[in-house]
Amino acid sequence: MGLPMMMERSSNNNNVAELSRVAVSDTHGEDSPYFAGWKAYDENPYHESHNPSGVIQMGLAENQVSFDLLETYLEKKNPEGSMWGSKGAPGFRENALFQDYHGLTSFRQAMASFMEQIRGGKARFDPDRIVLTAGATAANELLTFILADPNDALLVPTPYYPGFDRDLRWRTGVKIVPIHCDSSNHFQITPEALESAYQTARDANIRVRGVLITNPSNPLGATVQKKVLEDLLDFSVRKNIHLVSDEIYSGSVFHASEFTSVAEIVENIDDVSVKERVHIVYSLSKDLGLPGFRVGTIYSYNDNVVRTARRMSSFTLVSSQTQHMLASMLSDEEFTEKYIRINRERLRKRYETIVEGLKKTGIECLKGNAGLFCWMNLGFLLDNKTKEGELELWDVILKELKLNISPGSSCHCLEFGWFRVCFANMSEKTLDIALKRIHEFMDRRRRF
Amino acid sequence: MTRTETNRSRSSNSNSENSRDGGGGTTGMRIIVPLQGVVQGRGGLFLGSVIPCAFFYFFQFYLKRNRKNESDNSGEQNSSASTPNSVSNSGFPDPTRSQSAGHLTELTGLPRSLSRILLSPRHSGGAVSVSGRVNSVIKGGDSPYYVGQKRVEEDPYDELGNPDGVIQLGLAQNNKLSLDDWVLENPKEAISDGLSICGIASYEPSDGLMELKMVVAGFMTEATKNSVSFDPSQLVLTSGASSAIEILSFCLADSGNAFLVPTPCSPGYDRDVKWRTGVDIIHVPCRSADNFNISMVVLDRAFYQAKKRGVRIRGIIISNPSNPMGSLLSRENLYALLDFARERNIHIISNEIFAGSVHHEEDGEFVSMAEIVDTEENIDRERVHIVYDLSKDLSFPGLRSAAIYSFNESVLSASRKLTTLSPVSSPTQHLLISAISKPKFVQRFVNSNRQRLQSTYTLLVKGLKDLGIECTRSNGGFYCWADMRGLMSSYSEKGEIELWNKLLNIGKINVIPGSCCHCIEPGWFRFCFSNLSESDVPVVMNRIRKVCETCKSQN
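As a convention, each chain's residues are numbered from 1 in the sequence order in which they are written. Following the order in which they are written, the chains are lettered starting with A and the ligands numbered starting with 1. Reporting in this predicted model follows two pLDDT cut-offs: at least 70 for local features of residues, and 80 or more for side-chain atom pairs to be given and counted; totals over whole chains, interfaces and linings ignore these cut-offs and use all residues. Derived side-chain values reflect all non-hydrogen atoms in the structure, with water molecules and hydrogen atoms excluded from consideration.

1. A look at the overall build of chain A
The condition is simple: A run of H or I in DSSP counts as a helix once it spans at least four residues, and a run of E counts as a strand once it spans at least two, with each numbered from the N terminus. Using a 1.4 Å probe, the Shrake-Rupley method yields the accessible areas, and only the shown protein chains count as cover for residues.
For chain A, the helix and strand inventory stands at 17 helices and 13 strands. When the accessible surface of chain A is split by element, carbon and sulfur atoms take 49% of a total near 17300 Å².

Below you can see the structure in the form of structure tokens.
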């Protein structure tokens, strides 16, 4: 950078124009087991009748349990042409118009109202503070671009979603410094762990710009306690950094009362210098099970951030067709209330099914109360409580049991033997089959 | 106005810097001369060079330290100020705000690294800081591009509802012939062939469904009148041309590198290429005397000037049909550009988003860069990357679907991964697949699109000519590049902005001044005619006539 480079006029044609460091780096993280398991699934996917011995995908956090509710709603309320808004075909004209990075007002209002509903009205959301992005992935990356400069760091509690390695670091040049959590206190963030992470960064001469948490947590499948949130906010104020809360699973908490959003904490604070450091990421991919739609948002209490994010969202806008399609659905409070309630119920049931099923085979899970997955402890099966040991076991589970689950090490968990198991992206029957395979595996192991 | 304020503060700061440097220099000279007199021969030569060098370096060090202390102080000043929001809410400097806030906004004109220091208070208790990027984004909000846009949003023209509103001539928005006809004929298909939501809701490859790629490839092939056959597997779909250009910038250049961009160019490049990547743009000015064609001599000069300054050029970005002129690059020109890229071992990004909107072909045909490299060796094909945008050709701007076409497998591989951050929405993909794959519809649509662009263009150009305003010959795209130098009060950037202001506030039309397109000659304006219906043109002409009269009476 800035150094004189000798670029001779080359007469020979053996020089291929090189690519950038970003292009050739592996910071996209797609070589990790997290993604490798997906490949195995793609090559041999389970199918009830066509391929009953195929790989069951339990590494993808997708919500298919409440699809029927969406389908019914869309078909009943919206016969042909509805996808363009209530006006039918003529509404298309508005659709195709220049995509304003402000997003359709009706859709932003619908999102704000939906987010309020999920939090049981305990926090208000101003539609003008909502910035739309093509998915939460883009929202997290965009926030990172805005809050941090290259070579700065974000503190992220472990274990965390493997995608963060890409979303937060790849193009932004920002580092992740982990806040280590362990099972001694159910992986909750402690003030000591926070300080320690901060100090680690300072010792390495790295400037910390913020803390990024996922609440409810992925992969733990548990909500963050209110006390912890308050501690985090205090910490952010003391160190004068940002606090980003990725609440993408907020609608998937089994009991609404057990979820505290950082928005609730901020709601009662008047001091702008405190509020301004809080930002929330949300998406419809998990709660509504519409990942393909790519609808994400950044909600910020900081005017500067909102303004910048809005302009930068030019790179990752949500199509107006999608916004129209969902605007009326999301602002239909009767429907959303019903959906949220039933979705929570079904997820809870699924969770209980899998946890009970695992318990019967002697496997314990972390006590969870949210999300599309459970955090399973197979530490007792490891001969070596090391990363290699864990990956060996993961490989066995993939190859022998044909189950694709995610190893804790790919989530940067320092305690080895934990695995994330998704349960919402399959039918109940398939879940049963998966449990059966685990049961048989455990039986076999016990015999030896 | 805002701009002049920032300009003024910028120049006064640089003045003081200059005087400081000048002072250091002359003192140095006074020391060297007597020294050389004292020590003769090689020793003298040695001392004569070392001492001033040492002096120079120590002086710079001293300056740097002092500058840092200054900025630390002002940083602390900012944070200790009681206003929690030390950057104004509206993004415009507000003269009524507290002194420290005023100080901060003044300084947004300074180089990025300095402002980054200023934005980061050294102690807690102050407003939390954001990244250096934020500054350039917010500063950009003062440009005519955004100001005009805002005015249109606040007071949009409507033939019946708001006949005195601001007419949008700034943006490429092709909304006259939309999919309405098709949708009315095929309402069921409009909802993606009755596919249940199940089929379109799950995760799909982020770089687009193969079916859609095939359709897009077909469309691109048609735009070149079948002289090139585009391979769908070399396509990466993303949510807009901005994203496509940004992705390519990330893939082809490192932070601190630069692209050569012939100007005038699209105002969007400043954002797409620079905002988040840390990559810079080096403008290569084209002149009206050359009809704004790219001069290889000027290109060469720009390349070597950059090299001398230590800036590594990674590629050149061309647009064909060009924005804002709307001209088609000739085959010779394209070959020359490829030679240029080959000799310097750099990439070419060919922005062909208006390839399907060619409306006048009498003086030449559209030739895609893909056709030029068709017969070249692999090594050269791999340096060419094409950007295409469905939205421009099909009036689907809201649907956000553009494409990168490359012959370089590594670029494709990296781009594919990057599209997770800017993918095309699934229902949109399905809609496009069903819409575009009806060949009869596509044929009809493309033809009527071209005819309409042609007639509106002709009307507009004639209207402008009647007012004494000439335009360059435009063959494709949605823009007229108009010579309004005769209407300026002074031949300068200031004169251009004044005229732009008049057009916006008196004429109530939003046009893009040449400075937004980085045109080196003031007085040129970009008119976008894709929004206009035939009946709108006389209205626009009347508005401009009013402005012309105002200008003439003032001059």
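2. Side note on the overall build of chain B
Rules: Burial classification: accessible surface area is computed with a 1.4 Å probe over protein chains only, and a residue below 20% of its type maximum counts as buried, one above 50% as exposed, and the rest as partly exposed. By the convention used here, residues are in contact when the closest approach between their heavy atoms is within 4.5 Å.
A count of helices and strands for chain B gives 22 helices and 13 strands. Counting across all 555 residues of chain B, residues that qualify as buried make up 58%. Sequence separation of 24 or more characterises 73% of the internal contacts of chain B that already satisfy a separation of 6 or more. Total accessible area on chain B stands at roughly 22400 Å², and carbon and sulfur atoms take up 53% of it.

3. Considerations on the nonpolar core
Test applied: Among the buried residues, those of types Ala, Val, Leu, Ile, Met, Phe, Trp, Tyr and Cys that are joined through side-chain atoms within 4.5 Å form a nonpolar core.
Membership of the largest hydrophobic core comes to 213 residues, with the highest contact counts inside it found for Met58(A), Ile354(A), Leu260(B), Met484(B), Phe527(B) and Ile544(B). Setting aside anything within four residues of it in sequence, one finds Met58(A) in contact with Ile354(A), Leu403(A), Asn404(A), Ile405(A), Arg420(A), Val421(A), Cys422(A), Met426(A), Leu431(A) and Ala434(A). In this structure, Leu132(A), Leu229(A), Ile241(A) and Val295(A) belong to the second largest nonpolar core, which totals 70 residues.

4. Examining the environment of Ala23(A)
In this structure, Ala23(A) sits in helix 1 (residues 21-24). For Ala23(A), a relative accessible area of 13% gives the class buried. In this view, Ala23(A) contacts Phe250(B), Cys251(B) and Ala414(B); residues no more than four positions away in its chain are not counted.

5. A word on empty space enclosed by the protein
All names here are of chain A. Inclusion rule: Put plainly, a pocket is an open set of points on a 1 Å grid over the protein atoms alone with protein on both sides within 12 Å along at least five of seven lines, a cavity is a set where a 1.4 Å probe fits but cannot get out, and a lining residue has an atom within 4 Å of a point. Grid points are joined across faces, edges and corners, and a volume is the space filled by probe spheres set on the points. Side-chain classes follow a simple rule in which Ala, Val, Leu, Ile, Met, Phe, Trp, Tyr, Cys and Pro form the nonpolar group, Asp, Glu, Lys and Arg form the charged group, and the remainder, Gly included, forms the polar group.
In this structure the tally under the stated criterion is 10 cavities of 30 Å³ or more. By volume, the largest cavity is sized at about 180 Å³. If you go around the largest cavity, you meet 18 residues; those closest to its centre are Pro157, Phe187, Ser217, Leu220 and Val224. When contributions to the lining of the largest cavity are tallied by element, the ones reaching two or more residues are strand 3 (153-157) and strand 5 (208-214). Split into classes, the residues belonging to the lining of the largest cavity amount to 11 nonpolar, 7 polar and no charged. Of the pockets and cavities examined, the second largest cavity occupies roughly 80 Å³. Ile363, Met376, Leu378, Leu381, Ile397, Leu401, Leu403, Ile405, Ile438, Phe441 and Met442 are the residues that line the second largest cavity. Per element, the largest residue contribution to the lining of the second largest cavity is 3 residues, and it comes from helix 17 (residues 428-447). Residues belonging to the lining of the second largest cavity are distributed by class as follows: 11 nonpolar, no polar and no charged.

6. Points about the sheet that holds strand 9 (residues 470-471) of chain B
All names here are of chain B. Spelled out, the test is: Any two strands between which DSSP finds at least two bridges are classified as paired. Note on geometry: axes are lines fitted to C-alpha atoms, helical ones only across the stretch in contact, with angles between N-to-C directions running from 0 to 180 degrees.
The 4 strands are arranged 9-10-13-12 in an open sheet whose pairing can be described as antiparallel. At either margin of the open sheet sits one strand with a lone partner, and together these are strand 9 and strand 12 (512-513). Sheet analysis places strand 9 next to strand 10 (residues 479-483), joined by 2 bridges and oriented antiparallel. Counted as the bridge partner of Cys471 is Ala482 from strand 10. Lying over the sheet, helix 21 (residues 493-505) contacts strand 12 and strand 13 (524-528), oriented at roughly 30 degrees with respect to strand 13.

7. Some words on the packing of aromatic side chains
The condition that has to hold: Classification of ring pairs rests on two measures: the distance between centres of Phe, Tyr or Trp rings, Trp counted by its six-membered ring, which must be within 6.5 Å, and the angle between planes, read as stacked under 30 degrees, edge-to-face over 60 and tilted in between.
Tallied over the entire structure, the rule returns 25 aromatic pairs over all chains. Ring centres of Phe145(A) and Phe250(B) lie 6.3 Å apart, and the angle between their planes is 40 degrees; this geometry places the pair in the tilted category. Placement of Phe145(A) in helix 6 (residues 136-147) and of Phe250(B) in helix 11 (residues 241-252) is noted, with the two residues assigned to different chains. Across this residue pair, the class does not change: Phe145(A) and Phe250(B) are buried. Measuring from centroid to centroid gives 6.0 Å for Phe335(A) and Tyr339(A), while their planes differ by 40 degrees, and the two rings are tilted.

8. So, the pairing of strand 2 (residues 235-238) of chain B
Residues and elements named next belong to chain B. Alternating positions in strand 2 separate into two faces, Leu235 and Leu237 on one and Val236 and Thr238 on the other, with burial throughout. When strand 2 meets strand 8 (residues 402-406), the two strands line up antiparallel, connected through 4 bridges. Considered in strand 8, the bridge of Leu237 is made with Ala403.

9. Considerations on the pattern of salt bridges
To be explicit about the condition: In the sections that follow, a salt bridge refers to a side-chain nitrogen of Lys or Arg positioned within 4 Å of a carboxyl oxygen of Asp or Glu.
Taken as a whole, this structure holds 41 salt bridges over all chains when the rule is applied. Among the salt bridges present, the one from Arg341(A) reaches Glu337(A), with a minimum N-O distance of 3.3 Å. Of this pair, Arg341(A) and Glu337(A) both sit in helix 15 (residues 333-360), 4 residues apart, which is roughly one turn of that helix. Relative accessible area serves as the criterion here: at 47%, Arg341(A) is assigned to the partly exposed category. Owing to a relative accessible area of 40%, Glu337(A) belongs among the partly exposed residues under this scheme. Its salt-bridge partner being Lys150(B), residue Glu154(B) comes within 3.5 Å of it at the nearest N-O pair. A residue pair is termed a helical-turn pair when its members lie 3 or 4 positions apart in one helix, as Glu154(B) and Lys150(B) do in helix 6 (residues 144-154) at 4 residues. By relative accessible area, Lys150(B) is classed as partly exposed at 47%.

10. Overview of the packing of helix 2 (residues 33-43) of chain A against helix 16 (residues 387-399) of chain A
Residue and element names in this part refer to chain A. Where we set the bar: For this classification, under 35 degrees means roughly parallel, over 145 means roughly antiparallel, 65 to 115 means roughly perpendicular, and everything else is oblique. Handedness of a crossing is defined here by the sense of rotation of the near helix relative to the far one, left-handed for an anticlockwise turn of less than a right angle and right-handed for a clockwise turn.
Close contact between helix 2 and helix 16 brings their axes to 11 Å; oriented N to C, the two are set at 15 degrees. Taken together, the axes of helix 2 and helix 16 are roughly parallel relative to one another. Here helix 2 runs over helix 16; the crossing is right-handed. Two secondary-structure elements touch here, helix 2 through Pro33, Ala36, Gly37 and Ala40 and helix 16 through Leu391, Trp394 and Leu398. Residue composition of the contact of helix 2 with helix 16, by class: 6 nonpolar, 1 polar and no charged.

11. Quick look at the sheet that holds strand 10 (residues 373-377) of chain A
All names here are of chain A. With antiparallel pairing, 4 strands are arranged side by side in an open sheet as 9-10-13-12. Each edge of the open sheet is held by one strand with a lone partner, namely strand 9 (364-365) and strand 12 (406-407). Bridge analysis of strand 10 against strand 13 (residues 418-422) gives 5 bridges, and the strand direction is antiparallel. Directly across from Trp375, in strand 13, lies its bridge partner Arg420.

12. Remarks on unusual backbone geometry
Along the chain, Thr263(B) connects to Pro264(B) via a cis peptide bond; the corresponding omega equals 5 degrees. Its location among the elements puts Pro264(B) in the loop between strand 3 (258-263) and helix 12 (269-274). Positioned with a positive phi, Asn240(A) is a non-glycine residue whose angle comes to about 55 degrees. Note that Asn240(A) resides in the loop between helix 9 (226-239) and strand 6 (242-246). Taking the relative accessible area as the measure of exposure, Asn240(A) reaches 11% and is therefore buried.

13. Quick word on helix 13 (residues 303-312) of chain A
All names here are of chain A. Under the convention used in this document: In protein, a polar contact requires one atom able to donate a hydrogen and another able to accept it; more generally it is a pair of N or O atoms within 3.5 Å, and residues adjacent in sequence count only if both atoms are side-chain atoms.
Of all 10 residues that make up helix 13, 9 are buried, and the element is covered over most of its length. Of the residues making up helix 13, those classed as buried are Asn304, Val305, Val306, Arg307, Thr308, Ala309, Arg310, Arg311 and Met312. Residue Asn302 occupies the N-cap position of helix 13, its side-chain oxygen lying 3.0 Å from the main-chain nitrogen of Asn304.

14. Considerations on the environment of Ala341(B)
Residues and elements named next belong to chain B. With respect to the element layout, Ala341 can be found in helix 14 (residues 331-344). With 112 residues separating them along the chain, Ala341 and Leu453 place their C-alpha atoms 34 Å apart. When near neighbours in sequence (up to four residues on either side) are disregarded, Ala341 contacts Ile346, Ile348 and Arg383.

15. Comments concerning the confidence of the model for chain A
Inclusion rule: Scored between 0 and 100, pLDDT is the confidence that the predictor attaches to each residue.
When pLDDT is averaged along chain A, the result is 87; 90% of the residues meet or exceed 70. Contacts for the low-pLDDT stretch residues 1-13 of chain A, under 50 throughout, to residues beyond four places or in other chains number 19 contacts.

16. What to know about the packing of helix 13 (residues 296-308) of chain B against helix 14 of chain B
Residues and elements named next belong to chain B. Between helix 13 and helix 14, the least distance of the axes is 11 Å, while the angle of their chain directions is 20 degrees. Put simply, helix 13 runs roughly parallel to helix 14. Remark: the crossing between helix 13 and helix 14 carries right-handed chirality. Note on element contacts: helix 14 touches helix 13 through Ala336, Leu337, Phe340 and Arg344, opposite Met296, Leu299, Asp300, Phe303 and Tyr304.

17. So, helix 18 (residues 409-418) of chain B
Of the residues making up helix 18 of chain B, those classed as buried are Val411(B), Leu412(B), Ala414(B), Ser415(B), Lys417(B) and Leu418(B). Next to the buried residues of helix 18 of chain B lie helix 1 of chain A together with strand 2, helix 11, strand 7 (384-389) and strand 8 of chain B. By the N-cap criterion, in which a side-chain oxygen at the helix start approaches the backbone nitrogen of a residue two or three places on, helix 18 of chain B is capped by Asn408(B), the distance to Ser410(B) being 3.0 Å.

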